[in-house]
Amino acid sequence: MTTTTETAGLVGAGVDRVDGPAKVTGAARYPADFGFANLAHAVLVQSTVAAGRIRRLATDRAEASPGVLTLITHRNAPRLARAPNGLGIGPPPPLQDDRIVHHGQHIAVVVAESLEEAAAAARLVEADYEPAEPLLDPADPRAEQVENASGRDVSRGDVAAGLAAAEVIVDATYTTPAQTNNPVGLFASTAYWDGELLTVHDSTQGPAFVRAALAAAFEVPESAVRVLAPFVGGAFGAGLRTWPHVVLAALAARVVDRPVKLVLSRAQMFTSIGHRPPTVQRLRVGAMRTGELVALDHEGTEQTAVADDFAESLTRGSAALYDCPNMSGRTWQVRLNVACPTWMRGPGEAPGVFALECALDELAWELRMDPVELRLRNYAEVQPQTGRPWTSKALRACYEQGAERFGWSRRTPEPRSMRNGRMLAGYGMASAYYGYVQVACQARASLGHDGVAFVRSAATDIGPGTYTVMTQVAAAALGLPPDRVRFELGDTAMPPAPLQGGSGLTAALGSAVHNACRQLLHAFVELAAGDAESPLRGCGAQDVVAADGRISVAHAGGPGQGETYAAILARHGLAELSADGASARRRDLDADPGIFAAKFAEVEADPDLGLIRVTRVVAAVDGGRILNAKTAASQIIGGTAGGIGMALLEETLSDPGTGRIANATFGDYLVAVNADVPDVDVIFVGDPDPMNPIGVKGIGEVAIVGVAPAIANAVFHATGRRIRSLPITVEQLL
Ligand code: MOS
């Protein structure tokens, strides 16, 4: 795999992961790695029907099984409070009544001395149900339709008038299947109570949010709950909510008054921690022969659960990407007896921009216009919905540099007109957008007499490289070599941080870390300034520079006299100095944030067999300043792999009669593996964003957005077949 990054100044050095050695040596401890002498093990029992009531639960044999400590069902579970709805809050608390709302719902938890004993006993639990006819088909007239549940429906202008005036209209319906987040690390919770104090090691993207949810469920103060997640084995959005099994691990620990570990099985990962819901999306795009867009109507239906309020918007990309005067975007949620869905990588935009960008490609072909040219023709110089400027936007450079790197000019427009040997070759492209928000975050920095800085915040690093880039940010702000900085995260005892999600953490946390380190530097300068013996006496923060562990008087010609952090501490007899820093939620902006990319894909199609391979991808990304070329490129490559899976492989299949997930294994649910992922060429473009002091926007979601449509459009170009339903399979192409 080759990766290149460009643009000096925008892109920080490709620093190796600071947590890499701990990960590869096994020193990094994940939530399932925590053991205790008296650890007990919990195993879940799940419903085998999708709707109805539990008529009878036979638990005697399970309870009498060797090693069993307790068996908790709705009949004996303590009452749990439902947390108020909010970010990070999960579905209603488990085991509170006999109602079944989805296949795979937890109906019991068995706790035993060993995992094997708990698993054996769990198999002895017998449930009889009073089944109801489940709502499994989104077209079922009994299913409740929730309009604009995300509150993000948008419109501007007059779509009907725009469509009436259009010279060309594309009217097409696209479907995407359920997909499952499927991080490699099985989600685990290890919980114990010390009196009224609860500690949980959890697979989460936001320890503070799990703490809030558990405190609410058990009706204890948040200060009585500590949640730790220094390492998480991936999540892709599955760790953004507090799921019932986390509550059950804590509940089980309380009941047996011992530490309890609960690890989901791979099959349970498909029903217990969310999934990307299936969508049906209709796009009506009206344009003039010149390519000028005059109407863009995007309506989408998504599924949600009967007992959950998860909702996301499918149409934000359609609202933001093009300068079209008449636009409408609406998303409905249909309530079905399915497991609770959740955010999954590029939530909303990944499926929404798939539909939009395929429709744009269809329009380009109708107009016989180059697909890149069509996008440039409708380039949104300002945020088209609000009319306000963008905080920064380099999408034009993404198109231009991406096209150049890809060799887009070699493309001959006619489908089936290009070959690589006997294979049909196709070039496709798509725009990508992700709307992110920078929310409040805190951090604390301290520096001791050994000259080592510790910086802490209760964030998580689910894999993108947060440990590493925060080490870089802190080192830069303090003027320390990175190996003199220890950045720590994943503990609610640390200053609060937001979820690692929505592409917003690097901006929020990076700004807080930067601020904390600047405050710490100022504290050192203040100490030295009042000290007659210091070469920095009389200096203010604006008079100094920090480099190589020294604070020096700033001069035009380079640093003047100065001294080390350690020397300042020593002369004052101090062990260390600390400072708190914060970054605020941005709400008073007169500009709108957006993350942009252009994705270019080449596919080869076997003309006889219909087999598709992705042979090249170029991703040109405007994520503001890129702090670490290496980890950022890795993240774009990872998102591209997810996009290839979305385009060609991934589909969570349910039995239409029972709602049972039929392919809940890695043998049956196909994800893109290394052999499916070609060279991914990553180009970072644009400028540091003025939103925050470190110039960062974010790249987590935009990494996957646009990949699937670029591939689908390349498949059309290669084969002349417009496949509007993901994944694009051999069956559809034959
Ligand atoms: Mo991302 S779906 O916000 O982890």
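Further up the page is the structure itself.
Now for a quick tour of the structure.

So, how was this worked out
- Residues numbered from 1 in each chain as written.
- Predicted model: local features only at pLDDT ≥ 70, side-chain atom pairs only at ≥ 80, totals over all residues.
- Heavy atoms only, no water.
- Disulfide = S-S within 2.5 Å.
- Buried < 20%, exposed > 50% of the residue type's maximum accessible area, 1.4 Å probe, protein only.
- Helix = DSSP H or I, 4+ residues; strand = E, 2+ residues; numbered from the N terminus.
- Pairing = 2+ DSSP bridges.
- Salt bridge = Lys/Arg side-chain N within 4 Å of Asp/Glu carboxyl O.
- Core = buried A, V, L, I, M, F, W, Y, C linked by side-chain atoms within 4.5 Å.
- Contact = heavy atoms within 4.5 Å.
- Axes fitted to C-alpha atoms, helices over the stretch in contact; angles between N-to-C directions.
- 1 Å grid on protein atoms, 1.4 Å probe; cavity = no way out; pocket = protein on both sides within 12 Å on 5 of 7 lines; lining within 4 Å.
- Points joined across faces, edges and corners; volume = space filled by probe spheres on them.
- Nonpolar A, V, L, I, M, F, W, Y, C, P; charged D, E, K, R; others polar.

1. Structural notes on the state of the cysteines
- Under the counting rule described, the total for this entry stands at 0 disulfides.
- Here Cys441 is not cross-linked by a disulfide; its sulfur's nearest cysteine counterpart is in Cys517, at 12 Å.

2. A word on the pairing of strand E9 (residues 168-176)
- Burial along E9 is one-sided: the face carrying Val168, Val170, Ala172, Tyr174 and Thr176 is buried and the face carrying Ile169, Asp171, Thr173 and Thr175 is not.
- Bridge count between E9 and strand E14 (residues 279-287): 9 bridges; the pairing is antiparallel. Within the sheet, the bridge partner assigned to Thr175 lies in E14 and is Val280.

3. Let's talk about the pattern of salt bridges
- Under the criterion given, the structure shown has 35 salt bridges.
- The partner of Arg616 in a salt bridge is Glu602, and the shortest N-O contact between them spans 3.6 Å. Here Arg616 is found in strand E27 (residues 612-622), whereas its partner Glu602 is found in strand E26 (residues 595-605), with 14 residues between them in sequence.
- Accessibility expressed as a relative area gives 22% for Arg616, which makes it partly exposed.
- Each of Arg56, Arg61, Glu126 and Asp128 takes part in a single network of salt bridges with overlapping partners.

4. A short note on the nonpolar core
- In terms of nonpolar packing, the biggest core is built from 149 residues, with Leu363, Val513, Phe524, Ile551, Phe600 and Ile711 touching the most fellow members.
- For this core, the leading source of residues is helix H13 (residues 505-529), giving 13 residues.
- Other than its neighbours up to four places away in sequence, Ile711 contacts Ala601, Val603, Val614, Gly643, Ile644, Ala647 and Leu648.
- Core analysis: the second largest hydrophobic core is formed by 45 residues, Ile72, Val220, Val247 and Leu264 among them.

5. Structural notes on the sheet that holds strand E21 (residues 485-489)
- Pairing is mixed in the open sheet, where 4 strands are placed in the order E21-E20-E19-E25. Here the strands that pair on one side only, and so sit at the sheet edges, are E21 and strand E25 (576-583). Each adjacent strand pair in this sheet contributes to an overall mean axis angle of 20°, direction not counted.
- Looking at chain direction, strand E20 (residues 453-457) and E21 are connected through 5 bridges and run parallel. The residue of E21 that forms the bridge with Val455 is Phe487.
- Its contacts with the sheet place helix H12 (residues 466-478) against strand E19 (441-448), E20 and E21, and it is angled at close to 135° to E21.
- Set on the sheet, H13 makes contact with E19, E20, E21 and E25; between it and E25 the angle comes to about 140°.

6. Thoughts on the layout of surface pockets
- Roughly 600 Å³ of internal volume is contained in the second largest pocket.
- Taken together, 30 residues make up the lining of the second largest pocket; nearest its centre are Ala178, Pro278, Gln303, Thr652 and Ser654.
- Broken down by secondary-structure element, the contributors of at least two residues to the lining of the second largest pocket are E9, E14 and strand E15 (293-305).
- Broken down by element, the residue count for the lining of the second largest pocket peaks at 3 residues, all from E15.
- Taken together, the residues of the lining of the second largest pocket break down into 13 nonpolar, 13 polar and 4 charged.

7. A word on the environment of Ala132
- Along the polypeptide, Ala132 turns up in the loop between strand E6 (126-131) and strand E7 (145-147).
- For Ala132, a relative accessible area of 39% gives the class partly exposed.

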